[in-house]
Amino acid sequence: MDHDRMAVGANPNYEDVVPAPHSLPLEGHESNLPTEKGDMEDLKEKDTGYRQTTLDIESVEQEYVLGDPLDLGPGVADEPTQFTLRAVFVGCCLGAVVQASNLYLGLKTGFTFGPQLLGALGGFLILKPLSRVIPKNLPAWVGVGNFGPRENVTCQTAATAAGGLGILFVSGFPAMYQVGLLSPKPADDIGHLIGYMFAVAFYGMSFAIPLRAFFILRQRLVFPTPSATAYAIRSLHATGSGADDAKRKGKWLFWTFLVCFIQKTVSTYIPGIIYDWHFFYWIATWGAPKAQLIENWGWYFEVTPAFLGAGILSGMNASWSFYAGSILSWAIIGPALVATGHAAGSNIQAAYNTTLPYRSYYNMSPRDPSGNATSPRYCLLWIGVLVMLVAAFVELACEWRTIGAGFAPAVLKVRNMIRQRSGKEPIMAKEQPLYDPAPKKDQVPWWVWAPMSLIAIALTCIVLGVSFDVNVGISILGVVLSVVFCFIGVLSAGATDINPVSTVAKATQLIIGGATKGKYSESIDPTTGWNLKAMRINLLSGMVAAGAAAQATDMTGDLKTGHLIGAKPIAQYFAQLVGAFCSIFLTVAFFILFTQASPCILDRDAEVCQYSVPSAAAWYAVSIVVTTTGGLPVPRVAGILAIVFSIIGAACIIYRVYYCPAKYKVWVPNPSAVGLAMVLNATTYSAAMAVGATAAYFWQKKKPAHYESVAFAFAAGGLVGEGLGGVMQAILTIAGAGPEKGVTIGVPEY
């Protein structure tokens, strides 16, 4: 799940969760790129517990050992013009589709998915047939003639950039609105939001350019998702069976998307029939009213294609860990807190004039309406946040060898500078001459990316200072942290396929919180005791680091894909630039659309809302902790349980990484997924993912060839279909043709 983010088909991208995928070409969690045949044999035995290797290693052994561009096979023509209008335009359109779907899914559960594979497949399915009818007398930069694999990389790169910054609008910005740090309506802040996005959209991708030589050419990191994308592109452009396979994928993607889009749109009007199945409510209305007591805890099922598809992509470990977390939270801990008097629900029976025992346990206030106890959701929030935070840092710490190796060359250079000043001989590094298969004219020159970085950094300081009253010193500290965390993020993604965006953001929040501790006392809210200015600075700084790390990691991954296909880095850079520019306006527009249709997104106390926005709760919870100078607003019982479960989660990770036999690692729970379930006040998404993962398990076991051919297209169609269906729902609601025009048969009044 990619996110700390989930790349469709390869890199699960939970904004606050990091389970990994089940269909990656190579493992990378415990080793870098193998360099000897013996290393390859060792690699076959290694398993992180969160991944299952499905690609035949022997078939790509030589290519991965060398790390050189792939052999694209016979019949692949040269492509002198790779940056074309058609590739960039289609890529940005595909990125817009992903962006809309990401906001829908992210606001519901806190995870987003990357557009890499969808950009590659969608670009091929659109542009390959279109290339046959485009007039041949147009300028080359428009895109004429055959659509080849290298132009496909350009399309995929633009899609990645255009769909890559939605994470900020399912986490930091909703958090700021929920704690009252911005205007009541995002539409009133459109200038501030666009300005902020301009500040963070570009320098992360510029930082990635010098990292290409180090991570891709020097260290030859695997980058599993981008490498999988490269293999997909090569397969799509292959002749014969490759072309037939592409058609099959296209049909599954189209029809799954269409069915799921229609299902989600129509569910606006008949949710109880085709979307929400409230089994226990039905039983309660049929004469067993106590069944409603189970319904009150959120135990019903949603026929949600997006999360059925997410289960297919995420695999058994991540999905069932997520569902186990829901059971632990909303069937064990929550009811136990209420039974022992440590928490209480709200009696809403009278409000709906019903005889059924309606109660709500989802209030986010530290106290229930009677003032006697907190709510189960408020307690579980703090438990889940600490579990995810500890798990993220322990996961990163377990990669200390890889991270240390990544920093080693920089440390060596500093040591040599010191030795030279003292008259000592420099320490010679054991490095082979660096070979770059891309000609000099196709590389990104320093005078392109360096000024862009400086302009973006200056713009960040200006926007944060003018629009959000952040002093220059804090802004520069945030930028410095972003540079460091870009390096760590790219290193982590290249070695493990985990893009630690959430970890980066939380680490930045902790450091900035320390820098602002005890300051801005004049901005303390007398009602809540929160230091509002310090919280605003904290959240904005976390988003700067998260945005930079996300962009740098995406760009470096795209460069890995381009390296394997033999694409021009300069074409990819400008495709990323155009895509990032589009992303600025796309994310703001879609966020305003969703919040206008569902204002409850911005209300942290909303007990009933189709968008739970769990990432926002995690972000502002951390900001409260690191900026509060008095006692923390954490119930004692929640604090104790948070420490206990965090220790258990850390022990699970350490056991899985260092002690668990490879064949049993898949049975070790993923504490990040468990923590997300505690923060998310819904059981429906984890249940759907568990169903999807289980179905995929048997599908793969019974018909492996069919599964490998169409599983990604099927899952991606569900994700995008429901995501765009959610966009259509928002449009219908704003137009006055929303759920109020439908029927509520089969669903509770609340």
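Residues numbered from 1 in each chain as written. Predicted model: local features only at pLDDT ≥ 70, side-chain atom pairs only at ≥ 80, totals over all residues. Heavy atoms only, no water.

1. Re the overall build of the protein chain
Of the regular secondary structure elements, the protein chain holds 26 helices and 4 strands. Within the protein chain, the proportion of its 750 residues that are buried is 61%. Put simply, of all contacts in the protein chain between residues at least 6 apart along the chain, 81% involve residues at least 24 apart. Total accessible area on the protein chain stands at roughly 28,100 Å², and carbon and sulfur atoms take up 66% of it. (Helix = DSSP H or I, 4+ residues; strand = E, 2+ residues; numbered from the N terminus. Buried < 20%, exposed > 50% of the residue type's maximum accessible area, 1.4 Å probe, protein only. Contact = heavy atoms within 4.5 Å. Areas by Shrake-Rupley, 256 points an atom, 1.4 Å probe, with all protein chains shown as cover.)

2. Considerations on the packing of aromatic side chains
Applying the stated rule across the entire model yields 31 aromatic pairs. Summarising the aromatic geometry, the rings of Phe198 and Phe581 are spaced 5.9 Å apart at their centres and angled 70 degrees between planes, so their arrangement reads as edge-to-face. One end of the pair, Phe198, is in helix 7 (residues 190-200); the other, Phe581, is in helix 21 (residues 569-597), and 383 residues separate them in sequence. Look at Trp299 and Tyr323: their rings are 6.4 Å apart centre to centre, the planes differ by 75 degrees, and that puts the pair in the edge-to-face class. (Phe/Tyr/Trp six-rings, centres within 6.5 Å; stacked < 30°, edge-to-face > 60°.)

3. Some words on the pattern of salt bridges
Considering all chains together, one arrives at 4 salt bridges under this definition. Note that Glu79 and Arg150 form a salt bridge whose closest N and O atoms lie 3.8 Å from each other. Of this pair, Glu79 sits in the loop between helix 2 (57-66) and helix 3 (85-109) while Arg150 sits in helix 5 (residues 149-162); the two residues are 71 residues apart in sequence, bridging distant segments of the chain. A single burial state applies to Glu79 and to Arg150, both of which are buried. (Salt bridge = Lys/Arg side-chain N within 4 Å of Asp/Glu carboxyl O.)

4. Considering the state of the cysteines
In total, this model carries 1 disulfide according to the counting rule given. Note that Cys600 is cross-linked by a disulfide to Cys609, the S-S spacing being 2.0 Å. The S-S bond linking Cys600 to Cys609 shows a torsion near 60 degrees; that makes this disulfide right-handed. For Cys600, a relative accessible area of 21% gives the class partly exposed. For the unlinked cysteine Cys92, the closest cysteine sulfur is that of Cys582, found at 3.7 Å. On the accessibility criterion, Cys92 (10% relative accessible area) is buried. Here Cys93 stays unpaired: no disulfide links it, and the sulfur of Cys92, its closest cysteine neighbor, is 7.1 Å away. (Disulfide = S-S within 2.5 Å.)

5. Here's the deal with a nonpolar patch on the surface
Judged by side-chain polarity, Val472, Ile476, Val480 and Val484 come together as a nonpolar surface patch covering roughly 310 Å² of accessible area. Position of Val472 relative to the elements: it lies in helix 18 (residues 472-496). (Patch = residues over 30% accessible without salt bridge, like charges linked within 9 Å, V, L, I, M, F, W, Y side chains within 5 Å.)

6. Some thoughts on unusual backbone geometry
Unlike most non-glycine residues, Asp469 shows phi in positive territory, near 55 degrees. The partly exposed category is assigned to Asp469, whose relative accessible area is 43%. Unusually for a residue other than glycine, Tyr520 sits at a positive phi of about 60 degrees. As for its position among the elements, Tyr520 is in the loop between helix 19 (501-516) and helix 20 (532-565).

7. Considering the side chain of Lys560
Within the fold, Lys560 resides in helix 20. Classification of Lys560 by relative accessible area gives buried; the value is 2%.

8. A word on the confidence of the model for the protein chain
The share of residues in the protein chain with pLDDT of 70 or more is 83%, and the mean pLDDT across the chain is 80. Here residues 6-66 scores under 50 on pLDDT; set against residues more than four positions off or in separate chains, the count is 227 contacts. (pLDDT = per-residue confidence, 0-100.)

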